Number of protein chains: 2
Amino acid sequence: MRIFVVTGHTAAITPDFPLDDLPGSAGRLDILARCVTAAFCTSHGIRRYVEVYLVLRDQVTVRFEGARLKRLNPDERSTGALIKHALQALREGRSEGTPGVSVFQDGLEGVLSKLQAQGVDCYVLDENGRDIRTIDLREPAAFILSDHLNFTPHEEELLSGFERLSLGPVVLHADHCIPLVHNELDRRLA
Amino acid sequence: MRIFVVTGHTAAITPDFPLDDLPGSAGRLDILARCVTAAFCTSHGIRRYVEVYLVLRDQVTVRFEGARLKRLNPDERSTGALIKHALQALREGRSEGTPGVSVFQDGLEGVLSKLQAQGVDCYVLDENGRDIRTIDLREPAAFILSDHLNFTPHEEELLSGFERLSLGPVVLHADHCIPLVHNELDRRLA
């Protein structure tokens, strides 16, 4: 199992945004949508062994489970629609928006507690971390990234015990980091 | 200089598509838009030393030049709008849509001729190629990718003389390949 946890610091936590404006009124939900597709989509299908947690404003978490996921397309807008459906479900007291996309009121602390209870190794992606190509990795592993903003001081405190991994000399957007993590693990497991 | 050439087999070649439907009526222009942002966007800015050629239906080419590019945002829709502006310029007999985004009536053959005349090393991304981590690379280099469809027999003929590079054991969408190429070159030049 490969898990990606992405913190969305400005993202909408209610479904009241137009799909035409993911970067604006949805609070940079575009980058989170691209993280989801980068995590799941291969040329010929879906990586069923992946889970993605989008932690929205440290208050609401939308979880995508590859094993059960349906209706995921590679574009931003349709993925934004899955997030919107999940937030609509939360409003209506349901826990699932569409198959494989669930939602709960929890922030980063709750997500990390759950992963640690499951024995998942957690790594923080950080330009000052150790080079991912030089370290041992085993699955299940979780990789924690931030959207276009840095982790908050509270998030940094929660993440302080985890190993930091660097992907290379150029600092990239979260959605461009995910294919690099996958590639490193794909090569080792090939 | 790093160059990415992406062939869009079903992409619109006129500006008559709504930005709300890049995957549908624009003929999978969503994947081409994500290729552009993957090629240019880093966390803190634009890779000025990059050029992208989108070869649409082997008839029209939209070129993005990092050195002159303005108004590029990381989301699909606004990048789709830059392509739409370029196609509108073509219709009106102009060669540039917005700064750094030019358009001309040429297919893959013309683009390759231009690159070869400039002494650019051309590589085709191909799951059966040699591992990119094992080969010498120098810049200027051009990396040629296809959208969601395979290269056509005519394209394969044009590309038959170039070295084939593989990025890893899992076959990915073009936009997820681009960060892997960048990362390999970034690491070597660091």
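Anything mentioned here points back to the structure above.
Residues numbered from 1 in each chain as written. Chains lettered and ligands numbered in written order. Predicted model: local features only at pLDDT ≥ 70, side-chain atom pairs only at ≥ 80, totals over all residues. Heavy atoms only, no water.

Draft legend 1. Just the overall build of chain A, in detail. A count of helices and strands for chain A gives 5 helices and 10 strands. A compact globule built from 190 residues would reach a C-alpha radius of gyration of about 16 Å, and chain A, at 15 Å, matches this within 12%. Along the longest, intermediate and shortest principal axes, the C-alpha atoms of chain A span 45 × 40 × 30 Å. When the 190 residues of chain A are sorted by exposure, 58% land in the buried category. Considering only intrachain contacts with a sequence separation of at least 6, the fraction spanning at least 24 residues in chain A is 70%. Accessible surface, chain A: about 7,400 Å² in total, of which carbon and sulfur atoms supply 47%. (Helix = DSSP H or I, 4+ residues; strand = E, 2+ residues; numbered from the N terminus. Rg over C-alpha atoms; globule rule 2.2 N^0.38 Å. Buried < 20%, exposed > 50% of the residue type's maximum accessible area, 1.4 Å probe, protein only. Contact = heavy atoms within 4.5 Å. Areas by Shrake-Rupley, 256 points an atom, 1.4 Å probe, with all protein chains shown as cover.)

Draft legend 2. Just the interface of chain A and chain B, in detail. With 34 residues of chain A at the contact, the number on the chain B side is 34 residues. Roughly 3,000 Å² of surface becomes buried between chain A and chain B when both sides are summed, with 55% attributable to carbon and sulfur atoms. On the chain A side of the interface with chain B, the three residues burying the most area are R133, H176 and R187 of chain A, jointly 20% of the side's total. For the pair chain A and chain B, the interface holds 6 salt bridges. Among the salt bridges present, the one from R133 of chain A reaches E184 of chain B, with a minimum N-O distance of 2.7 Å. Where chain A touches chain B, the interface holds 17 residue pairs in polar contact (both at pLDDT 80 or more). Residue assignment for the side of chain A that touches chain B shows that the elements contributing at least two residues are α1 (29-40), β2 (41-42), α2 (76-91) and α5 (174-189) of chain A. Residue composition of the side of chain A that touches chain B, by class: 13 nonpolar, 8 polar and 13 charged. (Buried area = accessible area lost by both parts, 1.4 Å probe. Salt bridge = Lys/Arg side-chain N within 4 Å of Asp/Glu carboxyl O. Polar contact = N/O pair within 3.5 Å; in protein donor to acceptor, adjacent residues only side chain to side chain. Nonpolar A, V, L, I, M, F, W, Y, C, P; charged D, E, K, R; others polar.)

Draft legend 3. Up close: the packing of aromatic side chains. According to the stated counting rule, one finds 6 aromatic pairs over all chains in the structure shown. A ring pair is formed by F40 of chain B and F64 of chain B, whose centres lie 6.4 Å apart and whose planes are at 45°; its orientation type is tilted. One end of the pair, F40 of chain B, is in helix α1 (residues 29-40); the other, F64 of chain B, is in strand β5 (residues 60-65), with 24 residues separating them in the sequence. Like F40 of chain B, the residue F64 of chain B is buried in the burial classification. Here the aromatic rings of Y123 of chain B and F143 of chain B are separated by 5.6 Å at their centres, their planes lie at 20°, and the arrangement is stacked. In this pair, Y123 of chain B sits in strand β8 (residues 121-131) while F143 of chain B sits in strand β9 (residues 141-146), placing the two residues 20 residues apart along the sequence. Comparing Y123 of chain B with F143 of chain B shows no difference in burial state: the two are buried. In this structure, K84 of chain A is placed above the aromatic ring of F17 of chain A, and the distance from its NZ or CZ to the ring centre is 5.2 Å. Across from the ring centre of F104 of chain B, 4.0 Å away, lies the NZ or CZ of K114 of chain B, which sits over that ring. (Phe/Tyr/Trp six-rings, centres within 6.5 Å; stacked < 30°, edge-to-face > 60°. Lys NZ or Arg CZ within 6 Å of the ring centre and 35° of its normal.)

Draft legend 4. Spotlight on the nonpolar core. Residues L54, F64 and F143 of chain A together with L54, F64 and F143 of chain B are the most contacted members of the largest nonpolar core, which totals 100 residues. If near-sequence neighbours (up to four positions away) are discounted, F64 of chain B is found in contact with V36, F40, V50, E51, V52, L54, L69, L82, I83, G100 and V101 of chain B. (Core = buried A, V, L, I, M, F, W, Y, C linked by side-chain atoms within 4.5 Å.)

Draft legend 5. Geometry of the sheet that holds strand β6 (residues 96-98) of chain B. Residue and element names in this part refer to chain B. One open sheet holds the 8 strands; their spatial order is β6-β7-β5-β4-β1-β9-β8-β10, and the pairing between them is mixed. Only two strands of the sheet have a single neighbouring strand rather than two, namely β6 and β10 (163-166). Strand-to-strand, the axes of this sheet are offset by a mean angle of 30°, without reference to chain direction. In this structure, β8 lies alongside β9, joined through 4 bridges in parallel fashion. Counterpart to C122 in the pairing with β9 is A142. (Pairing = 2+ DSSP bridges. Axes fitted to C-alpha atoms, helices over the stretch in contact; angles between N-to-C directions.)

Draft legend 6. Geometry of the environment of R28 of chain A. On the secondary structure map, R28 of chain A appears in the loop between β1 (2-8) and α1. Relative accessible area serves as the criterion here: at 17%, R28 of chain A is assigned to the buried category. Residues R28 of chain A and D147 of chain A, spaced 119 residues apart in sequence, show a C-alpha to C-alpha distance of 8.2 Å. When sequence neighbours within four positions are dropped, the list of residues in contact with R28 of chain A reads T10, L22, P23, R34 and H148 of chain A together with P74 of chain B.

Draft legend 7. Focus on helix α2 (residues 76-91) of chain B. Here α2 of chain B is 16 residues long and its end C-alpha atoms lie 23 Å apart, about the 22 Å a rise of 1.5 Å per residue gives. For α2 of chain B, the set of buried residues is E76, S78, T79, G80, A81, L82, I83, A86, L87, A89 and L90 of chain B. Its buried side turned inward, α2 of chain B meets α2 of chain A together with α1, β4 (50-56), β5, β6 and β7 (101-104) of chain B. Capping the start of α2 of chain B is the job of one residue whose side-chain oxygen sits 3.4 Å from the backbone nitrogen of R77 of chain B: D75 of chain B. (Expected span 1.5 Å × (residues − 1).)

Draft legend 8. Representation of unusual backbone geometry within the structure. All names here are of chain A. Cis peptide bonds are those with omega within 30 degrees of zero, and the linkage from E139 to P140 qualifies with 5°. With respect to the helices and strands, the residue P140 is situated in the loop between β8 (121-131) and β9 (141-146). Not every positive phi belongs to a glycine, and R28 is a case in point at roughly 60°. Of note in the backbone geometry, D58 takes a positive phi value of approximately 60° without being a glycine. By the secondary structure assignment, D58 is in the loop between β4 (50-56) and β5 (60-65).

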